[in-house]
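A closer look at the structure
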Amino acid sequence: YYRSDQTAVRTLNLQAYSAQGGGVYKSQKTQWTGSLLFNHILLAQSTYLRSRGGSLKLEHKVTPRLSLFVEGKDVYQDFTPTAVVPLAAQRSGIEVTGAIGADYRLMPSMKAGLSYTHGIKHAQRNINAFNRELLSANHIWLLGRGNFLYSYFYFYNDWYPHPDLFISSQYRRDRAWRAGF
């Protein structure tokens, strides 16, 4: 659950509810993890997005320190028009992603990971559909007493197969990065 109330601009109030549940099957070197996902986002006290779907992840221990994984996710995003975003329903559609990656245990209390993700977002209005390539790196360090430090770097490359002719006849391409800890 997340909530952020704005005192000056109420249309920016945001609430997010998330639920995830699933199961794990483990063998000596392989682990299968299946999950069901649900999100409900409210914008300015009105339902803006409900998404539901599932994911399946296969992890394989190559060595005691190195694990490889492959993951697939299929989520239906149901956008609802609001006073703030009256055309939100045009964004509704399925988003499918597939990822491959590796995690390496540097020390018993430290792990680093790299991954590549390809995603396809379908939408009711094709100008809101896009393809995504994502490269990510992360590092987690268990500090003791229940504390940890998590750092990450993401690079996104989104491209839209249909131009928004109201704005331009050119095809849109977004490149962005995000980092933090």
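Preceding this section is the structure that the text describes.
Read on for an overview of the structure. (Residues numbered from 1 in each chain as written. Predicted model: local features only at pLDDT ≥ 70, side-chain atom pairs only at ≥ 80, totals over all residues. Heavy atoms only, no water.)

Okay, the sheet that holds strand S3 (residues 30–43) next. Taken together, the ten strands give an open sheet; going across it, the order is S1-S2-S3-S4-S5-S6-S7-S8-S9-S10, and neighbouring strands pair in antiparallel fashion. Strands with a single pairing partner mark the edges of an open sheet, and in this sheet they are strand S1 (2–4) and strand S10 (173–180). Neighbour to neighbour, the strand axes of the sheet diverge by 15° on average, direction disregarded. Pairing analysis gives three bridges linking S1 to strand S2 (residues 14–26), with the strands arranged antiparallel. If you follow Arg3 over to S2, its bridge partner there is Gln15. (Pairing = 2+ DSSP bridges. Helix = DSSP H or I, 4+ residues; strand = E, 2+ residues; numbered from the N terminus. Axes fitted to C-alpha atoms, helices over the stretch in contact; angles between N-to-C directions.)

Attention now moves to the side chain of Ser92. Turning to its location among the elements, Ser92 is positioned in the loop between strand S5 (66–79) and strand S6 (93–107). Ser92 gets classed as buried once you look at its relative accessible area, which sits at 2%. Separated by 2.8 Å, the side chain of Ser92 and the backbone nitrogen of Phe79 make a polar contact. (Buried < 20%, exposed > 50% of the residue type's maximum accessible area, 1.4 Å probe, protein only. Polar contact = N/O pair within 3.5 Å; in protein donor to acceptor, adjacent residues only side chain to side chain.)

Moving on, we get to the environment of Asn39. Looking at the secondary structure, you find Asn39 in strand S3. Along the chain, Asn39 and Gly53 lie 14 residues apart, while their C-alpha atoms are 9.4 Å from each other. The contacts of Asn39, once residues within four sequence positions are left out, are Tyr17, Ser18, Leu49, Arg50 and Ser51. Within the structure, Asn39 has its side chain in polar contact with the side chain of Ser18 (distance 2.5 Å). (Contact = heavy atoms within 4.5 Å.)

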